[in-house]
Amino acid sequence: MSFEHIKVENLTAVLEDVLKFLKHQSDLKSSSVTFQEFVNYWFEAYAKLAVKPSTQKRYKEFLKHALKSIGSKKLSEIKPVDIQKIYVSLAGKVSNCTILKLHRLLHEVFKHAQMWEYINDNPVKKVIPPSPEKKLFDVWDVETAKRFLEVIRNETIYYPVLLALHTGMRAGEIVSLKWCDVNFETRIISVVKTERSKGLKMVDLKTKTSKRAVYMNDVLYDELKNLYEITKPKPDDFVCPRLPTGKLTVNYLSKRFKKLVKRYNFPIIRFHDLRHTFATLMLQLGVNTKIVAEILGHSDIKLTADTYSHVLPTMQENAMKEFVKLWK
């Protein structure tokens, strides 16, 4: 068949028919894909390339709930009510926080399904997730923190505890801190790395706000300067002294801290609560919430305000008492 004898309008009609046929075949293919099949493809095409193996494993754990409920259902037939029913079935069995994490993951999966034109709309957008429970934590007052530092002066976790109480750094950031990150001239600690895979490796922090500069106050400056002069370390050496095994991990800090707190009969808190202690003390001193958020490496000031909302009413009360003095 020679195309030169076909009129232009006829050729256009033929091409339109071919395109319709191809689109129809594509639609049939997409519409027949189940949620389970798409999730499998999503892991291969996206998750394995974009996130760490540990994160992939966590994703699979979260998706078990959804796969059990809608795994065999065609992707194109899944409605918002199907997603909502999953959340309802999980209520009371798992925490609201877990359901919220599942919600965010499902939103990501269906977002890719929409981007890759398997579906027209993301059904998760029309689903209302539960509100997360308010996280409760305990903190020490400054006198308790001082006493604890005194009694653990010769312990391996002394400097990690000191850093946590005076900078609010996370445990992973503390065990990853090297002397090249400490500038005694500017009195700045550069927080750039954290522990991953249970101490097996140190990696760069993910976000711009996580990577931050923290100012050393006089107490911390004197302590670290003294340690530096005694040990005479190389720039690539870790700040916190290692264990005889050569390692100092977050897991070790957590267990050792818990043991010492019980041994010396201190109020029970976790190592991570030292970070909360730092933030609470700063806020109680009247330090601007935005500044505290920057020191902690929070991505959003709202996170800081929500986390320490129990402190803010007292701060406001004290501020108002000072403010009213201006009018008397």
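Residues numbered from 1 in each chain as written. Predicted model: local features only at pLDDT ≥ 70, side-chain atom pairs only at ≥ 80, totals over all residues. Heavy atoms only, no water.

Things to note about helix α3 (residues 53-70)
Taking 1.5 Å per residue as the helical rise, α3 with its 18 residues ought to reach 26 Å, and the 25 Å between its terminal C-alpha atoms agrees with that figure. The sharpest bend along α3 reaches about 40° and sits at Leu 63. When α3 is considered as a whole, its buried residues turn out to be Thr 55, Gln 56, Tyr 59, Phe 62, Leu 63, Ala 66 and Ile 70. As for α3, its buried residues are in contact with α2 (35-50), α4 (80-90) and α5 (96-115). (Helix = DSSP H or I, 4+ residues; strand = E, 2+ residues; numbered from the N terminus. Expected span 1.5 Å × (residues − 1). Bend = angle between axes of the 7 residues up to and from the residue. Buried < 20%, exposed > 50% of the residue type's maximum accessible area, 1.4 Å probe, protein only. Contact = heavy atoms within 4.5 Å.)

Examining the side chain of Thr 304
Among the secondary structure elements, Thr 304 is positioned in helix α13 (residues 301-307). Owing to a relative accessible area of 0%, Thr 304 belongs among the buried residues under this scheme. Side chain to side chain, Thr 304 and His 298 meet in a polar contact 2.6 Å long. (Polar contact = N/O pair within 3.5 Å; in protein donor to acceptor, adjacent residues only side chain to side chain.)

A word on the sheet that holds strand β5 (residues 212-215)
Pairing is antiparallel across the open sheet formed by three strands, whose spatial order is β1-β2-β5. Strands with a single pairing partner mark the edges of an open sheet, and in this sheet they are β1 (182-183) and β5. Where strand β2 (residues 188-191) lies against β5, four bridges are found, and the strand directions are antiparallel. In the sheet register, Val 191 faces β5, and the bridge partner there is Arg 212. (Pairing = 2+ DSSP bridges.)

Points about the pattern of salt bridges
For the coordinates displayed, the defined rule picks out 13 salt bridges. Of the charged contacts, one joins Arg 153 and Glu 223 as a salt bridge, the two residues approaching to 3.0 Å between their closest N and O atoms. Taken as a pair, Arg 153 in the loop between α6 (142-151) and α7 (158-167) and Glu 223 in helix α9 (residues 218-231) lie far apart in primary sequence, 70 residues in all. Here Glu 223 falls in the buried class, since its relative accessible area comes to 14%. It is possible to trace a salt-bridge network through shared partners that takes in Glu 155, Arg 256 and Arg 263. (Salt bridge = Lys/Arg side-chain N within 4 Å of Asp/Glu carboxyl O.)

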